[in-house]
Amino acid sequence: MLLQVENLKTYFHTPRGIAKAVDGVSFSVEKGETRAIVGESGCGKSITALSLLQLVPEPAGYIESGRILFEGKDLLDRTWEQMREVRGDDISMIFQEPMTSLNPVYTVGWQIEETMRAHGKNAATARARALELLDRVGIKDPSGALRQYPHELSGGMRQRVMISIALANRPKLLVADEPTTALDVTVQAQILALIRELQKETGMAVLLITHDLGIVAEVADTVSVMYAGQVVEDAPTRELFKNPRHPYTRGLFASLPARNRRGQDLATLEGVVPDSAAWPKGCRFADRCKYAWESCHTIAPTFHPNGSDRPVRCHLYDPNISGRPSRLPWLTELPVTADLVEAAKL
Amino acid sequence: MESLEKFFALDFVQNAIPCLIVALLAWALIRARREPLWAEAYRRLGRNPVAVAAIVVIGIYGLVAFLDSIGTTDKVSQDRTTVIDRLFEMPKEKTYSAPFASMTTGEPKPSALKAPGRHIMGTDGVGADVFYRTLKGARTAFIISGLTTLIITPVGLILGLIAGYYGKFWDDIIQYVYTVISSIPGILMQIALVLVLGKGIWQICIALGAARWVGMCRLIRGETLKHRDREYVRAAKALGVSDLRILLRHILPNLLPVIIITVTLGFSGLALSEAILSYLGIGVDASMGSWGNMIDSARDELAREPVIWWNLTSASIALFVLVLAFQTLGDALRDAIDPRLRS
Amino acid sequence: MLSYILRRILYAIPILLGVLFVTHFLFFGISSPEVIARRNLSTRNPKPEQIKQWLTDHGYDKPASEQLKRSTIDMMSFNFGKSDTTGEDIWSRIKQGALPSLIVGGLVFLIGLAIALLTAIIAAYFRGTYVDAFITFFCVVLMSVVYIVYVIGLQFVLGKLLRLGPISGWDTGLGMLKFLALPVVIGVISGLGADIRLYRTFLLDETNQDYVRTARAKGVAEQWILFRHVLKNALMPVITSTVAAIPTLILGSLVLESFFGIPGLGNYLVDAINGQDFSVVRAMVFLGTLLTIVGLIFTDIAYALVDPRVRLE
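Residues numbered from 1 in each chain as written. Chains lettered and ligands numbered in written order. Predicted model: local features only at pLDDT ≥ 70, side-chain atom pairs only at ≥ 80, totals over all residues. Heavy atoms only, no water.

Caption draft 1: The arrangement of the overall build of chain B in detail. A tally of helices and strands in chain B yields 13 helices and two strands. Buried positions account for 50% of the 343 residues belonging to chain B. When contacts within chain B are restricted to residue pairs at least 6 apart in sequence, those whose partners lie at least 24 apart make up 71%. For chain B, the accessible area works out to roughly 16,400 Å², and carbon and sulfur atoms hold 65% of it. (Helix = DSSP H or I, 4+ residues; strand = E, 2+ residues; numbered from the N terminus. Buried < 20%, exposed > 50% of the residue type's maximum accessible area, 1.4 Å probe, protein only. Contact = heavy atoms within 4.5 Å. Areas by Shrake-Rupley, 256 points an atom, 1.4 Å probe, with all protein chains shown as cover.)

This is the structure we're talking about:
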């Protein structure tokens, strides 16, 4: 087990009170594995990613409690200075906006080499490796690119530069926070393919934060679905796509276009995500869930209701909750994912 | 020019200015209450004790200025007696006296006072009560800052809106004009204008405003430009709403926060400028009484024996507290209205 | 680079012409030579002949086209003419006064910039803590004191009570140093509040940028991020804001110079204001503007040196 996050809570001070952006998140990443965290914006997935490296915007945000075990040791025990040794070395990160994530006044080469120099490599080695990296991520004329400034490159090229910065010290885990969201569709595919190739070569694990189920199907081995600061479903990608268990996950799939539902209106999830400063008492999805009954609004569901291997945070799977329908309510409906499974050849 | 000068020298006009400012501000604030964004901002402002203190301080200064604006005019001598004058009616002293009589150096020692104990801040070289003179400065400060604001806000607003909204030709012209004006250093512009226009409140305010409308105009232009390309403005345009209506109904309300913050912060800068102009000998008339004049006259008194320092201290503190209050209020407003700008 | 500079200079020409027109309009449109003469003549109600005589003496009797030439071409060639009150050649007085003003202004500017930037960096490094809150509050207090109170009050306290330096005067060579101390200290203190606050805002704006997060994610040390990443980006707005100070470098701080008896341009201007000397004021307005425009050109060049995004073509 490379990374194990247990009951992570990251809170923010806001004028309305304490916002519990990440509220008890647990998941794990095996060596060489790709885990995706998927959810709508505001569900806490990006904050989860930033929490791993303790880069939550201060002083408003802070990690309230939890454990982040990396190779068995808790990262939260480290001081800021000790944490610095991990960042960019064992764990590195790429971000959504390649436009603004690079410093505009330094050359690309300087910024790649900086990562290595920060971790004790000498200038000559750093320069040679920077050249090698730029070549590897598919930049033509790498020696010329070293001397270029970020604004002289296209968005896709900049994200390639970001990737070479992240890979400079051969990390064991790459955290990719929506790495393709800001890019054109064709470039998206190239970047994803590149990440996958590099992963195969180096054997690193990838934690991919995304809102795009298509990307999940393409690259992820396992998936955590997040809603309102919590993981609501955790499954191998194939399993999740074949049989989504949580009503929220089903809602996500139903809102995608699919061939077997041609001619029907796309389903939408009614309502909005509740306020993170005042989560509802019961299930956080209850207000938007068409299957919810009384208990859903009063009792908060646990993550392992029936002790199965596929944890789901939903009362429908909890035999101890009263008022539960005898069988899953959607068995009579059309399958929501058949097409996607086929398309992604899962 | 002459008739304008006479018009603005009228007590009625000069008194109308502070009242008008108060009325306009009150209207803007009450009007703004209806907007949800502002209601939230008020609540935040009310919870900030520093902001409340600043408002109270400004209120007290405003009250003094107001009390100094109402009074009676003597039929024969045409002298005006305001409420503040009435409150400080006491026998005229012959010489200086310190608030704590021993706190100065040099000769001659002060002679006995006619109304001992009534001069909170002592009396100056010619026996005038320092505290009374300080209070008289409040009205001048409000008139100068207020009138200048009344001049620059509409000019900056209208030109900024036109440049930002219509762009192209109008933008080029207006940008050229304000680039020209802003490349003349502000203090030099003020000096030149007062020399050319002559002394007087009206002239000083024009001189102060001539350099300052540029800042307002540039700000409004930038903000308008931002809003012009927003969806809601495009939607309104597509629906055939007239330009004037878009500007007044859609864009202007969105600019109100920026305008109010700028005006509040600008007020303090104007009060400070008045003092500098007085020092350069191109400020308000000595008979009107202003903090700038008090500070200016203090420089001679500090060079002489006995050293009369409380005149300077009293005026500086009065000015300092008012400016500090406006600065703090401006910052608090910015925090309350736009949490994104919070440091 | 050369063509870039040339283009900047070309941009400046219409602005300079605009300023010349504005000043001409001020002195001949709003006011008139007659008004100037009336103010300058010592008698209370001057006779028309006296005014006429004054106008002839000071060269204001020429036709309008000649006046316009004086306001534009002569100004541009630094041919400012003679003072209205003393009859001295203005340009030679300006040349005399420039050096003392440049020394005082330059020292105030450089020392002030260094202290303000350093304090702002400290505030930015300790952002959100009591250190930062204290510095911010202190700045607002400093900003709320009117400039002349700094000058009058500090001269009184430092010079007269504590006797830390001579109250006023000037000397050439090394003897200048003792006369410089007080005005420079006072000049620096009076500008600190506003500058620190401004620079702190610039720095904090940059610390919230995405590239800072990237640098942290790379494991770069905080001090390195502040000095190498943030500072270099924040320098650009700092450069822009310091342009405003460039005319004051040479024109000198009016109040400071007249107060400490420094024979600089500021002092000259204050005398001109007191003497209602229009031609001197006009020359100084032009000079101040010219310096501002030159300052703007230098800003653009500095920008091009610091920011790779500025295109030189």
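Caption draft 2: Spotlight on the side chain of E206 of chain C. Residue and element names in this part refer to chain C. Within the secondary structure, E206 sits in helix α8 (residues 176-207). Since its relative accessible area comes to 14%, E206 is described here as buried. Setting aside anything within four residues of it in sequence, one finds E206 in contact with Y211, V212, V230, N233 and A234.

Caption draft 3: Highlighting the environment of V230 of chain C. Residue and element names in this part refer to chain C. Relative to the assigned elements, V230 resides in helix α10 (residues 222-243). By relative accessible area, which is 1% here, V230 ends up buried. Sequence-wise, V230 and R200 are 30 residues apart; in three dimensions their C-alpha atoms are separated by 11 Å.

Caption draft 4: Layout of the sheet that holds strand β4 (residues 61-70) of chain A. All names here are of chain A. Strand order in the open sheet made by the four strands is β2-β1-β4-β5, with antiparallel pairing throughout. Because the sheet does not close on itself, it has two edges, and the strands there are β2 (17-29) and β5 (73-74). Pairing analysis gives nine bridges linking strand β1 (residues 3-14) to β2, with the strands arranged antiparallel. Note on β2: the bridge partner recorded for T14 is G17. (Pairing = 2+ DSSP bridges.)

Caption draft 5: Summary view of the pairing of strand β8 (residues 205-210) of chain A. Residues and elements named next belong to chain A. Within β8, six of the six residues are buried, which leaves the element mostly enclosed by the surrounding structure. Burial along β8 is two-sided: the face carrying A205, L207 and I209 and the face carrying V206, L208 and T210 are both buried. With five bridges connecting them, strand β3 (residues 34-38) and β8 associate as parallel partners. Of the residues in β8, the one forming a bridge with I37 is I209.

Caption draft 6: Structural context of the arrangement of the chains. Taking contact number as the criterion, the leading pair out of two pairs of chains in contact is chains B and C. In this structure chain A stays clear of chain B, and the shortest span between their C-alpha atoms is 9 Å.

Caption draft 7: Summary view of the layout of surface pockets. Residue and element names in this part refer to chain B. Its boundaries defined by the atoms lining it, the second largest pocket holds a volume of some 1,400 Å³. The wall of the second largest pocket is formed by 42 residues, among which I21, L24, L25, A26 and A28 lie closest to the centre. Looking at the lining of the second largest pocket, the elements that each hand over two or more residues are α2 (11-32), α3 (36-47), α4 (49-67), α6 (130-166), α11 (243-279) and α13 (310-337). Top element by residues in the lining of the second largest pocket is α2. It accounts for 11 residues. Tallied by class, residues from the lining of the second largest pocket come to 33 nonpolar, six polar and three charged. (1 Å grid on protein atoms, 1.4 Å probe; cavity = no way out; pocket = protein on both sides within 12 Å on 5 of 7 lines; lining within 4 Å. Points joined across faces, edges and corners; volume = space filled by probe spheres on them. Nonpolar A, V, L, I, M, F, W, Y, C, P; charged D, E, K, R; others polar.)

Caption draft 8: Representation of the state of the cysteines. One pass over the full model with this rule turns up zero disulfides over all chains. C283 of chain A supplies the cysteine sulfur nearest to C296 of chain A, a cysteine that is in no disulfide, at a spacing of 6.1 Å. (Disulfide = S-S within 2.5 Å.)

Caption draft 9: Structural view of empty space enclosed by the protein. Evaluation of the coordinates by the stated rule reveals four cavities of 30 Å³ or more. Considering the residues around the largest cavity, the lining is formed by H246, P247, C283, F285, C289, Y291, A292, W293, C296, C314, H315 and L316 of chain A. For the lining of the largest cavity, the per-class residue count stands at 10 nonpolar, two polar and no charged. Reported here for the second largest cavity is a volume of approximately 60 Å³. Lining the second largest cavity are Y125, R127, T207, V212, R216, E222, I225, L226 and V230 of chain C. Among the secondary structure elements, those contributing two or more residues to the lining of the second largest cavity are α9 (210-217) and α10 of chain C. Take the lining of the second largest cavity: its biggest share by element is four residues, from α10 of chain C.

Caption draft 10: Quick look at the packing of aromatic side chains. Overall, the coordinates contain 17 aromatic pairs over all chains when judged by the stated rule. Ring centres of Y61 of chain B and W291 of chain B lie 6.1 Å apart, and the angle between their planes is 85°; this geometry places the pair in the edge-to-face category. Here Y61 of chain B, found in helix α4, pairs with W291 of chain B, found in helix α12 (residues 291-303); they are 230 residues apart in sequence, far enough to count as distant. You'll find Y61 of chain B and W291 of chain B in the same group, each marked buried. With centroids separated by 5.7 Å and ring planes inclined at 80°, the aromatic side chains of F27 of chain C and F278 of chain C adopt a geometry described as edge-to-face. (Phe/Tyr/Trp six-rings, centres within 6.5 Å; stacked < 30°, edge-to-face > 60°.)

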